[in-house]
Each structure stands twice: as C-alpha cells, then as structure tokens.
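Coordinates in review
So you can see what is in the structure, the chains are spelled out below.
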Amino acid sequence: QDNLLFLSPSHSDVEPLLVLEFLHRVADALEEFLGSPLLASKITSNYDIVAQIVAEMADAGVVCQGEANVLRDVVETGPGVLDNLLGKVGLPGSSPALGKGPTNAGLLQRPQPTAPLSSAGSAVPWRRSNVRHTSNELYVDIVESLSVTLAPSGRPLAAFANGSIAFTSKVSGVPDLLLNLSTGGKGSGMGNRGDQLRSVMERVVFHPCVRLAKWKADGVVSFIPPDGRFALCGYEVDLLGSGDAMAMDARNLDLPVNIEISTGLGTAGREFEVRVSVPSTSSSARSAAAASLQSNLGANRPGPFRSSSNAEAKGPSLEELTVRIPMPSTARNISDLRASKGEANYSPGDSSVEWKINAKDAGTLGSVGAMLRCTVQGPPSEDDEGATNGFVNPLSVTTYDYDDDAPTPVQSTGKNGALQVSGMSAEKSKGLMPTCTTLSFSLKGWLASGLRVESLLVDTKKSRGVGAEVKPYKGVKYLTVSRDGIEMRC
C-alpha cells in the first residue's frame with residue numbers, strides 16, 4: 001500500500017485472511033494518525049506514534065485493538081511524546097523515580113476516562129468516546145466499478161459492478177442511524193424490500209457496526225457509525241441478472257457509453273476504426289433519475305437532505321473518457337491517427353493507442369458519437385521491400401528475379417467501390433489489426449446497479465447525546481467508474 005511493503009512474520013500456521021485483515025488495519029491506523037498518502041519518511045519521523053499504535057494493536061502476537069477510530073483515545077500525540085515515552089533517559093537529574101507520585105509527571109500518561117465519557121461511548125468499540133462537532137454532517141458516497149466484456153457482435157459475455165458505500169459521520173454524541181436503499185425497480189418480483197436488495201446486492205460485506213439481523217429481516221442498514229470516514233459496505237452486482245445472456249446486447253445493460261471497433265479497412269486492409277457514442281435513451285433516463293434526487297430524498301424527511309454536488313442536480317456528467325487499443329507485436333507504427341474529437345497518441349513502449357476525450361467534448365457526443373481511424377504499419381520486411389535492418393541490399397537494386405509460383409496479391413472492387421485486398425496481403429494485414437479495445441470513464445450521478453439512497457434517519461430514541469433538535473446536514477453522491485473495465489473484442 002502506497003509503495004510500502006507490510007510484513008507480519010509468524011512462528012506457526014495462522015489463517016491467511018486474519019493476517020491480511022490485520023495488515024490492512026495497521027495501514028488504516030497509520031493513515032489515521034500520519035495522514036494520506038502513507039510515506040516512509042512519515043513513519044521514521046513519527047516513531048513515537050507508530051510504536052504506540054503497534055503496541056495497542058498487537059500484544060505478544062495477539063490482536064488487541066483494530067479500530068483506528070478508537071486508537072485516538074489511547075494513543076498520545078503532540079510535542080514531547082518521545083521524551084515522555086523514554087523518560088528522558090541520559091539527561092542528568094531528569095530521570096523520574098518510579099513509585100513517587102509527583103516525579104511521575106514525566107512518564108507517558110494515558111487519558112483517564114471520566115464517568116460521563118465511559119457511559120457515553122465506551123460500549124461502542126469502533127467509535128471514539130466524547131465526540132464533539134460544531135457542525136453535524138452525514139455523507140453517503142456510493143462508488144461502483146464496472147467490469148464488462150463484450151463479444152464482437154455486441155453481446156455481453158460478462159458484466160459485473162463492484163460497489164462500495166463510503167460513509168462520513170461528523171455528529172456529536174453517539175448517533176444511531178437507519179439507511180434505506182432502493183433497487184430502482186430491479187428485483188421487483190422478489191418479495192419485500194430486503195429480498196429485492198439481496199437479489200441485486202450479492203456477496204455483501206459490512207462494517208462491524210452494522211446490525212446484521214436488521215438487514216436480513218427488513219433490508220435496512222442500521223448502525224452506530226465510527227467518527228469520520230469509513231467503509232460501510234461492499235457488494236457485487238451481476239448486471240446480466242438471471243436473464244438469457246445469449247439474447248442480450250450492450251443496450252440491455254444501459255451502459256453510459258457504447259463502443260464499436262471495425263478492422264481490416266482501407267485499400268490495403270491496414271486501417272481500423274473505433275467509434276464511441278452515448279445512447280440517447282439511457283442518458284435521458286439518467287437525467288430524470290438525477291433530477292428526482294431532491295424530491296425522493298427531501299420529501300417528508302427530518303432535516304435537509306441535499307445533493308452534495310451541483311453537477312448531480314443538473315444531471316450525470318461524463319468525465320475522463322479514454323479509449324485504449326492494445327496493438328499486436330507485429331505492428332511497427334501507427335502512421336495516421338484521425339480523431340473527430342479529442343486527442344489520440346500512439347505509445348511505442350506500451351504498443352497501444354490512447355484516445356482521450358475531455359469532459360466538454362464528451363458532453364456533446366450524443367448518438368452520433370466520435371470516431372478514430374488509424375493506419376497500421378507492419379514490419380520493415382513488409383512495408384519496405386528489399387530493406388533488412390535499415391540497410392538496402394545493393395543486389396536488389398540492379399538484379400530482378402521473377403518467381404512464377406509465388407502468390408501475388410489480387411485487388412478487387414467491393415460493393416462500395418473501395419479496393420479490397422485478397423491473398424497473402426490480406427492475411428498479413430489481419431495479423432496487424434488489434435484484437436480488443438478497452439474503455440475508461442467516470443460518471444457522476446449514476447450507478448450501473450440502479451441502487452439509490454431513499455432516506456437516512458437518525459433514531460433519536462436509541463441515540464445518546466443527540467437531542468431531537470439536532471438535524472444534521474445530509475449529502476449523497478453516486479459515482480460509476482471504469483478503469484479499462486469495458487472490453488470490446490474484435
């Protein structure tokens with residue numbers, strides 16, 4: 001994590017997942033105290049804090065405390081911590097004598113909880129006690145990452161969305177929250193709300209703060225949140241569902257961007273074309289869903305519930321649209337890149353073509369879309385006859401040899417009037433064409449699974465230290481990302 005290698009040696013066989021989870025929690029705890037990104041220089045310069053964190057999280061090989069939020073109560077920070085930790089060893093007259101009350105002031109002192117503090121927060125192991133905020137705020141961020149594979153015909157071979165719900169709580173006291181989700185119409189014939197959510201959200205994992213009994217019975221996420229930002233939930237969605245995948249196409253998935261690729265074009269068959277477009281039907285549906293975000297969340301709710309971004313109120317915005325086309329090793333160069341929108345570049349090191357379309361151009365794609373056409377150059381032995389390793393054979397200039405048995409390319413005119421190549425040249429051109437293309441983007445205000453937040457309520461009866469007059473500000477964000485996640489095969 002952050003280019004740092006975390007090791008946990010063991011003298012006996014242990015459960016691998018236990019060690020991995022512990023290492024992740026160590027990294028999270030270090031980020032909580034030292035900040036993100038986690039750098040080696042931060043660890044070396046804050047050894048006093050790191051030593052306290054490690055000592056609290058594991059003692060003699062036994063995991064004691066794994067919640068970074070609770071470590072705030074037991075780890076001492078601030079100036080002079082290292083001096084107190086070492087007891088000022090080596091300084092004349094400053095080494096405190098153990099067993100005497102007044103001289104023990106230089107030793108490391110843990111904060112002693114008071115009676116009200118103990119009753120308010122000590123029973124919640126993942127939330128630090130005595131939390132106070134000047135402004136009470138609650139934020140829900142749902143992020144889904146797409147992983148879609150499309151056949152050359154456009155039929156989806158596999159389509160998944162891996163989602164996570166990040167929650168940010170900045171509320172004084174110990175709030176008890178209820179988060180209600182909806183599936184947007186999916187799984188409508190699966191019984192109650194809980195059955196519908198479980199039919200869409202598969203392999204669900206929750207933070208320990210979530211009450212699983214409430215989720216299994218009613219499909220409601222009931223929890224006492226840690227203070228600050230944390231991962232509330234993770235899940236996976238099969239976008240193909242239980243339908244017949246053979247009868248589906250990319251339009252049934254309601255992808256925000258369509259991509260097509262055609263190879264073997266041009267007179268020599270050494271050109272290919274990539275086209276991206278935005279379906280008009282799905283974009284209008286997403287705009288309507290985003291426009292109704294205010295009414296769905298704000299009606300009859302205790303306290304304001306507004307969208308956290310002005311862009312989401314206007315509609316989903318497509319950003320960071322990038323098309324990547326891996327080229328085979330036989331392709332020597334891309335001589336011509338013609339893009340109707342955006343910028344396209346060929347990277348010889350990665351042997352790939354990268355086509356980037358900025359947010360302004362991506363917003364005007366529409367159903368017509370944008371097109372990129374490229375011409376591929378083959379090896380020197382094919383493109384430059386008589387050339388070997390950059391040197392010209394002098395015999396090939398003055399000597400002419402004829403071989404009647406060698407196949408010669410035959411050109412024919414197709415239906416559209418363009419010259420088509422057959423024979424050996426067509427086979428060679430086919431080996432220069434790409435076999436797939438990948439699509440990357442980020443789309444705010446829309447989720448591929450159709451999940452939405454219906455309400456976020458504060459249960460004043462179960463909450464402690466939160467009065468009925470406290471109405472926290474609530475915000476929600478939706479984000480769908482694809483990092484080379486949509487693959488179109490040729």
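Described in the following lines is the structure provided in the data block. Computed from a prediction, not measured in an experiment: that's the story for all the values here. (Residues numbered from 1 in each chain as written. Predicted model: local features only at pLDDT ≥ 70, side-chain atom pairs only at ≥ 80, totals over all residues. Heavy atoms only, no water.)

So, about the overall build of the protein. On a plain count of helices and strands, the protein comes out with 14 helices and 23 strands. Classification of the 490 residues of the protein by burial places 38% in the buried group. Sequence separation of 24 or more characterises 73% of the internal contacts of the protein that already satisfy a separation of 6 or more. Per element, the accessible surface of the protein, about 26600 Å² overall, is 53% carbon and sulfur. (Helix = DSSP H or I, 4+ residues; strand = E, 2+ residues; numbered from the N terminus. Buried < 20%, exposed > 50% of the residue type's maximum accessible area, 1.4 Å probe, protein only. Contact = heavy atoms within 4.5 Å. Areas by Shrake-Rupley, 256 points an atom, 1.4 Å probe, with all protein chains shown as cover.)

Below, the discussion takes up the sheet that holds strand β13 (residues 333–339). Spatial strand order, β9-β10-β16-β13: 4 strands in an open sheet with antiparallel pairing. This sheet does not close on itself; its edge strands, each paired only once, are β9 (258–265) and β13. Ignoring which end each strand starts from, the neighbouring axes of this sheet average 15° apart. Inspection of the sheet shows β13 paired to strand β16 (residues 370–377) by 6 bridges, in the antiparallel sense. Bridge pairing in β16 links Leu-337 to Cys-374. (Pairing = 2+ DSSP bridges. Axes fitted to C-alpha atoms, helices over the stretch in contact; angles between N-to-C directions.)

Our next topic: the nonpolar core. If you look at the biggest cluster of nonpolar residues, it comprises 75 residues, and the most contacted ones within it are Phe-223 and Leu-232. No other element matches strand β3 (residues 137–150), which puts 6 residues into this core. Beyond its immediate stretch of four places on either side in the chain, Phe-223 contacts Phe-167, Pro-175, Asp-176, Leu-177, Leu-179, Cys-209, Val-210, Arg-211, Phe-230 and Leu-232. Within the second largest apolar cluster, 16 residues are counted, among which are Phe-22, Ala-29, Leu-30 and Leu-38. (Core = buried A, V, L, I, M, F, W, Y, C linked by side-chain atoms within 4.5 Å.)

This part takes up the pattern of salt bridges. Here the idea is simple: oppositely charged side chains can pair when their charged atoms come close. This structure, assessed with the given rule, holds 16 salt bridges. Here Asp-176 ties to Arg-211 by a salt bridge, and the two come within 2.6 Å at their closest N and O atoms. On the criterion of sequence distance, the pair formed by Asp-176 in the loop between β4 (156–170) and β5 (177–182) and Arg-211 in the loop between β6 (202–206) and α7 (212–218) is long-range, its members being 35 residues apart. When the shortest N-O distance is used, the salt bridge between Lys-444 and Glu-319 registers 4.0 Å. Taken together, the residues Lys-444 in strand β21 (residues 436–444) and Glu-319 in strand β12 (residues 317–326) connect sequence positions 125 residues apart. The class of Lys-444 is partly exposed, set by a relative accessible area of 33%. Overall, Glu-319 belongs to the partly exposed group, its relative accessible area being 24%. Among the ionic contacts, a cluster of salt bridges with common partners joins Glu-271, Glu-273, Arg-275, Asp-336, Arg-338 and Arg-373. (Salt bridge = Lys/Arg side-chain N within 4 Å of Asp/Glu carboxyl O.)

Further remarks concern the packing of aromatic side chains. We describe a pair of aromatic rings using the distance from one ring centre to the other and the angle between the two ring planes. Under the counting rule described, the total for this entry stands at 4 aromatic pairs. Measuring from ring centre to ring centre gives 5.2 Å for Phe-167 and Phe-223, while their planes differ by 85°; the resulting arrangement is edge-to-face. Remark: Phe-223 occurs in strand β7 (residues 220–223) and Phe-167 occurs in strand β4; sequence separation between them is 56 residues. Residue Phe-167 shares its accessibility class with Phe-223, and that shared class is buried. (Phe/Tyr/Trp six-rings, centres within 6.5 Å; stacked < 30°, edge-to-face > 60°.)

Applying the stated criterion across every chain yields a total of 0 disulfides. Considering cysteine sulfurs only, Cys-436 is the nearest to Cys-490, which forms no disulfide, with 6.8 Å between them. (Disulfide = S-S within 2.5 Å.)

Here we come to unusual backbone geometry. In this model, Ser-36 is joined to Pro-37 through a cis peptide bond whose omega is 5°. Summarising the element assignment, Pro-37 is placed in the loop between α1 (16–34) and α2 (40–45). Positioned with a positive phi, Arg-203 is a non-glycine residue whose angle comes to about 50°. Within the fold, Arg-203 resides in strand β6. Among the residues examined, Arg-203 registers a relative accessible area of 62% and is labelled exposed.

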